[in-house]
Amino acid sequence: MKKFVFNTDKKLSLTKIFYNNKFVLVFSVILSFIIWIVVSTNDAEGRPVTVSGIPVSLSLSENAAQDGLRIFSGQDIKAQIDITGNRLIVGQISKNDIQVVATQSINTITSPGNYTLELMAKKSGVRNDYEFASAVKPAFITVMVDRYREAEFTIETDVKFSANPDYFVGSIVLSQPKVLLSGPETEISRIKKVVVKGDISEELTSTYNFKTPILLYDAYGGLISSEIITYSVSEVDVTIPVLMRKKVPIKANFTNIPKDLNVDNIVNIIPDKFEIAGPEDIISGVEEIELPAVNFNEIGVKNTEFDLQVNMPQGCRSLDGNYTVKLELEFPKLRERTFWVTNFSFVNVPEGKSSSVYNEGINVKIVGPSYKVSSIKASDITVQIDLKNDANLQGHMEIPVAINIQGYTEVWPYGEYSVNVVIE
């Protein structure tokens, strides 16, 4: 009889298998999955699950809407509710699958006021294999119902500050002088005024800017705080113009000044100084303000006074609000004479062109001191025609001319003149 002997070195050991990390990992995953399947299958009705962030659906009757009623508060409230059911189903339910409504709002709300409404939950998604395990939270909400209204208000300023007396403070400027407020008619009707406030402790020596919110006040001076009023702009930029002050002289300016005529001796400007205000970097360099130029051809015996606009340096203003001066020319003895002038001369005639004057002569009015004008003869006056080397000139045309008076100073032609010329 044969005797069998087992080789113990080749025997399979379960103990060694469980010391194998890869085997243990795979075994653990499989075992966990089996346990989850068993628990899920056997425990269909698990603990309640809370679904939160559910928007509240509110609606009004058609008659209420036609009457202009709107709901101004309550729409932004979020509700929550507990649900139970199969774990697989419950785990897929979101706030989009549940609708929270206040059904009595359609029949109850017929006029402006505050209403307390009860909330109820309804299933609205395709998944409905679950049950509500609690009441809606909150169970009741209060909504405000009113008619919509808009009103525009001018923004008033209440800014406390002090400025250096050597500087000028202009009117406060707001980035938005008006605001449009909208919301419930009851709330808008309470508003009496709209104000921006500020309290500046430092002494101002330059333009000051800051941003501040818009405040609403009722008829009794009480501050209105409402989250259901909508602002076209909720805050504004406030600018307090603080400008440097300075007195500067006004200077006359002329064109076509006659030879040897000292205009400083005949000019009188009223007023001859302006007190102006402006940014310090600009006004510190202003020593005088020059008036718009007066053409001597416009000055005659009966035309020696001019009302002129003063052009301020950039960013500057006149402190008294005046921006005009009177320019008076005080001639000792001024005379006017008219001469029939037949002396014509051409300059800058284009090459290859010939020119002639169609006029036999023109009347020229000369103005100046009486003793000089009395001595002038027509032969002393020449009408100069400048063709400016323009090769395109051809045919009959009217051209402005210059009047030259030979041998005389401090006299000038009054008016503008032109002659008819022929260019061939």
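Residues numbered from 1 in each chain as written. Predicted model: local features only at pLDDT ≥ 70, side-chain atom pairs only at ≥ 80, totals over all residues. Heavy atoms only, no water.

Student: Please clarify how the overall build of the protein chain should be interpreted in this entry.
Tutor: For the protein chain, the count of helices and strands is eight helices and 34 strands. Over its C-alpha trace the protein chain gives a radius of gyration of 48 Å, far above what one expects of a compact globule, namely 22 Å for 424 residues. Overall size of the protein chain, expressed as C-alpha extent along the three principal axes, is 170 × 85 × 50 Å. Considering only intrachain contacts with a sequence separation of at least 6, the fraction spanning at least 24 residues in the protein chain is 74%. Just so you have it, the protein chain exposes about 26100 Å², and 49% of that area is on carbon and sulfur atoms. Looking at the protein chain, you have 41 positive and 51 negative side-chain charges, and the mean spots of the two groups are 13 Å apart. (Helix = DSSP H or I, 4+ residues; strand = E, 2+ residues; numbered from the N terminus. Rg over C-alpha atoms; globule rule 2.2 N^0.38 Å. Contact = heavy atoms within 4.5 Å. Areas by Shrake-Rupley, 256 points an atom, 1.4 Å probe, with all protein chains shown as cover. Lys, Arg positive; Asp, Glu negative; His and termini not counted. Charge placed at Lys NZ, Arg CZ, Asp CG, Glu CD.)

Student: Explain the pattern of salt bridges to me, please; I cannot follow it from the model alone.
Tutor: If the charged atoms of two oppositely charged side chains come close together, the side chains can form a pair. For the coordinates displayed, the defined rule picks out twelve salt bridges. One salt bridge connects Asp-307 with Lys-326, and the closest N-O pair in it is separated by 3.1 Å. You can see Asp-307 sitting in strand S24 (residues 305-309) and its partner Lys-326 sitting in strand S26 (residues 324-329), a full 19 residues away along the chain. Taking the relative accessible area as the measure of exposure, Lys-326 reaches 29% and is therefore partly exposed. (Salt bridge = Lys/Arg side-chain N within 4 Å of Asp/Glu carboxyl O. Buried < 20%, exposed > 50% of the residue type's maximum accessible area, 1.4 Å probe, protein only.)

Student: Is there a simple way to explain unusual backbone geometry in this structure?
Tutor: Residue Pro-138 follows Lys-137 across a cis peptide bond; omega there is 0°. Structurally, Pro-138 is set in the loop between strand S7 (130-132) and strand S8 (140-163). Here the amide bond leading from Ile-270 into Pro-271 is cis, since omega sits at -10°, within 30 degrees of zero. For Pro-271, the position within the fold is in the loop between strand S20 (267-270) and strand S21 (273-278).

Student: Explain the confidence of the model for the protein chain here, please?
Tutor: As a general rule, the predicted coordinates of low-pLDDT regions are not to be interpreted in detail. Considering every residue of the protein chain, the mean pLDDT works out to 87; 92% of them sit at 70 or more. The low-confidence segment residues 1-12 (pLDDT under 50) makes one contact with residues lying over four places distant or belonging to another chain. (pLDDT = per-residue confidence, 0-100.)

Student: Looking at this structure, I do not really get the sheet that holds strand S1 (residues 49-57). What am I missing?
Tutor: In any sheet, the strands associate via hydrogen bonds between backbone groups, in a parallel or an antiparallel arrangement. Here five strands make up an open sheet; going across it, the order is S6-S4-S1-S3-S7 and the pairing mixed. The sheet is open, and its two borders are formed by strand S6 (120-123) and S7, each paired with just one other strand. Ignoring which end each strand starts from, the neighbouring axes of this sheet average 45° apart. The sheet contact formed by S1 and strand S3 (residues 78-85) spans five bridges and is antiparallel. Paired with Val-51 across the bridge in S3 is Ile-81. (Pairing = 2+ DSSP bridges. Axes fitted to C-alpha atoms, helices over the stretch in contact; angles between N-to-C directions.)

Student: Explain the nonpolar core to me, please; I cannot follow it from the model alone.
Tutor: One recurring pattern in soluble globular proteins is that nonpolar side chains are buried together. If you look at the biggest cluster of nonpolar residues, it comprises 28 residues, and the most contacted ones within it are Phe-254, Ile-276, Ile-289, Phe-296, Ile-299, Val-310 and Leu-327. When contributions to this core are tallied by element, the ones reaching two or more residues are strand S18 (242-251), S21, S24 and S26. At three residues, the largest contribution of residues to this core is made by S26. When neighbours within four sequence positions are excluded, Ile-276 is seen to be in contact with Met-244, Arg-245, Lys-246, Val-248, Ile-283, Val-286, Ile-289, Met-312, Arg-317 and Leu-319. (Core = buried A, V, L, I, M, F, W, Y, C linked by side-chain atoms within 4.5 Å.)

Student: What is the right way to look at the pairing of strand S32 (residues 395-405) in this model?
Tutor: Side chains on a regular strand alternate between the two faces of the sheet. Examined bridge by bridge, strand S31 (residues 381-386) and S32 share four bridges and lie antiparallel to one another. Residue pairing in the sheet places Val-383 in a bridge with Ile-403 of S32. Relative to strand S34 (residues 417-423), S32 runs antiparallel, the two sharing seven bridges. Each residue of the ladder has a partner; that of Met-397, found in S34, is Val-421.

Student: Quick question: what am I supposed to make of a nonpolar patch on the surface here?
Tutor: Judged by side-chain polarity, Leu-25, Val-26, Val-29, Ile-30, Phe-33 and Ile-34 come together as a nonpolar surface patch covering roughly 610 Å² of accessible area. With respect to the element layout, Phe-33 can be found in helix H2 (residues 21-42). (Patch = residues over 30% accessible without salt bridge, like charges linked within 9 Å, V, L, I, M, F, W, Y side chains within 5 Å.)

Student: What's the story with the environment of Asn-404 in this structure? I'm lost.
Tutor: Residue position: Asn-404 is located in strand S32. Sequence spacing of Asn-404 and Ile-172 is 232 residues, and the spatial spacing of their C-alpha atoms is 56 Å.

Student: Mind showing me how you'd approach the side chain of Asp-97 here?
Tutor: Position of Asp-97 relative to the elements: it lies in the loop between helix H4 (87-90) and strand S4 (98-101). When near neighbours in sequence (up to four residues on either side) are disregarded, Asp-97 contacts Gln-92, Lys-122, Lys-123, Ser-124, Gly-125, Arg-127 and Tyr-130.

Student: Help me out: how do you make sense of the sheet that holds S24 in this one?
Tutor: Ordered by their spatial adjacency, three strands build an open sheet running S20-S26-S24, and the pairing between neighbours is antiparallel. Each edge of the open sheet carries a strand with a single partner, namely S20 and S24. For this sheet, the mean angle separating the axes of adjacent strands, direction not counted, is 25°. One ladder, built from four bridges, connects S20 with S26; its direction is antiparallel. Opposite Asn-268, over in S26, you have Glu-328 as the bridge partner.

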